[in-house]
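# Topology and contacts: notes
One-letter residues, chain by chain:
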Amino acid sequence: MITILYAHPYPKSFNHAILDTLRSRFDADKRPYTVLDLYADGFNPSFEADSLALYSKGQSADPMVKHYQQVLMDSDTIIMIFPIWWSMMPAIVKGFFDKVMLEGTAFTYSETGALVPDKINIDRTVILTTSEAPSAVFASFFTDYFPRHVLDTVGMRNVEWYNCEGTSHGPAENREAFLATVDSLF
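Note that the structure is a prediction, hence the values are computed from the model and not measured.

Running from N to C, helix 3 (residues 63-73) and helix 4 (residues 91-100) point in directions that differ by 90°, and their axes come no closer than 10 Å. In terms of axis orientation, helix 3 runs roughly perpendicular to helix 4. Each of Val65, Tyr68, Gln69 and Leu72 in helix 3 lies in contact with helix 4, whose residues at this interface are Phe96, Lys99 and Val100. When grouped by side-chain class, the residues that make up the contact of helix 3 with helix 4 number 5 nonpolar, 1 polar and 1 charged.

By way of backbone hydrogen bonds, the strands of a sheet pair with one another, either parallel or antiparallel. The 5 strands are arranged 2-1-3-6-7 in an open sheet whose pairing can be described as parallel. Strands at the two margins of the open sheet, each flanked by one partner only, are strand 2 (33-37) and strand 7 (159-164). Averaged over all pairs of adjacent strands, the angle between their axes in this sheet comes to 15°, without regard to strand direction. Here strand 1 (residues 2-6) runs beside strand 2; their pairing, made up of 5 bridges, is parallel. Paired with leucine 5 across the two strands is leucine 36, which belongs to strand 2. Against the sheet, helix 3 makes contact with strand 1, strand 2 and strand 3 (77-83), and its axis sits at roughly 150° relative to strand 2, the strand it touches most.

All right, on to the packing of aromatic side chains then. Overall, the coordinates contain 16 aromatic pairs when judged by the stated rule. Plain terms: the ring middles of phenylalanine 26 and tyrosine 33 are 5.5 Å apart, the flat faces sit at 45° to each other, and that makes the pair tilted. Measuring from ring centre to ring centre gives 5.7 Å for phenylalanine 47 and tyrosine 55, while their planes differ by 90°; the resulting arrangement is edge-to-face. You can call phenylalanine 47 partly exposed: its relative accessible area is 33%. An aromatic cluster is built from Phe43, Tyr68, Phe82, Phe96, Phe97, Phe141, Phe142, Tyr145, Phe146 and Trp161, whose rings are joined through pairwise contacts.

This structure, assessed with the given rule, holds 9 salt bridges. As a salt-bridge pair, aspartate 20 and arginine 23 come within 3.9 Å of each other at their nearest N and O atoms. Taken together, the residues aspartate 20 and arginine 23, both in helix 1 (residues 14-28) and 3 residues apart, mark about one turn of the helix. Across the pair arginine 124 and glutamate 160 runs a salt bridge whose closest N-O atoms are separated by 2.6 Å. Taken together, the residues arginine 124 in strand 6 (residues 124-130) and glutamate 160 in strand 7 connect sequence positions 36 residues apart. Judged by relative accessible area, which is 23%, arginine 124 ranks as partly exposed. Residues joined in a network through salt bridges with shared partners are Arg25, Asp29 and Asp183.

Each value, and the rule that gives it
- Residues numbered from 1 in each chain as written.
- Predicted model: local features only at pLDDT ≥ 70, side-chain atom pairs only at ≥ 80, totals over all residues.
- Heavy atoms only, no water.
- Axes fitted to C-alpha atoms, helices over the stretch in contact; angles between N-to-C directions.
- Helix = DSSP H or I, 4+ residues; strand = E, 2+ residues; numbered from the N terminus.
- Parallel < 35°, antiparallel > 145°, perpendicular 65-115°, else oblique.
- Contact = heavy atoms within 4.5 Å.
- Nonpolar A, V, L, I, M, F, W, Y, C, P; charged D, E, K, R; others polar.
- Pairing = 2+ DSSP bridges.
- Phe/Tyr/Trp six-rings, centres within 6.5 Å; stacked < 30°, edge-to-face > 60°.
- Buried < 20%, exposed > 50% of the residue type's maximum accessible area, 1.4 Å probe, protein only.
- Salt bridge = Lys/Arg side-chain N within 4 Å of Asp/Glu carboxyl O.

As structure tokens, this is what we get:
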């Protein structure tokens with residue numbers, strides 16, 4: 001199954017246009033997919049005391065965590081859609097990794113203490129971002145650090161990153177070309 005992790009609060013954003021492009025593609029092809037819309041779900045990216053007390057047991061007091069984990073365990077492809085704010089992913093995406101990627105589901109510890117993937121087994125990971133700055137500014141994070149130190153350790157492999165730069169202030173042709181690229185990826 002394909003899972004789309006979507007993180008943008010404004011339904012008229014270009015990020016939402018990316019989501020709509022994917023929905024149209026998958027609906028036309030009759031391909032099953034699930035959208036995890038973090039803002040619409042009201043996901044709280046911050047650890048609350050109850051969840052932090054359960055963290056070392058690989059559990060959470062947040063009921064969304066179990067749901068998100070099950071969706072990820074049933075997925076072979078994940079597509080993440082979010083803007084780059086302050087040169088990083090939005091806090092809600094970081095919080096998703098903090099709270100949902102728990103020991104015993106997303107990872108276990110090896111004998112040397114290294115994190116190794118556990119029950120999440122995603123063969124294709126596609127990251128679709130938007131920014132004002134050129135992609136080169138963020139490339140090392142999205143093509144090296146994030147895949148190697150975060151995604152690989154929780155079973156999300158074969159990472160592809162595509163960024164639409166100059167999203168708000170660039171020419172419309174730039175956004176149209178990016179949507180065409182997104183459509184062609186699947």
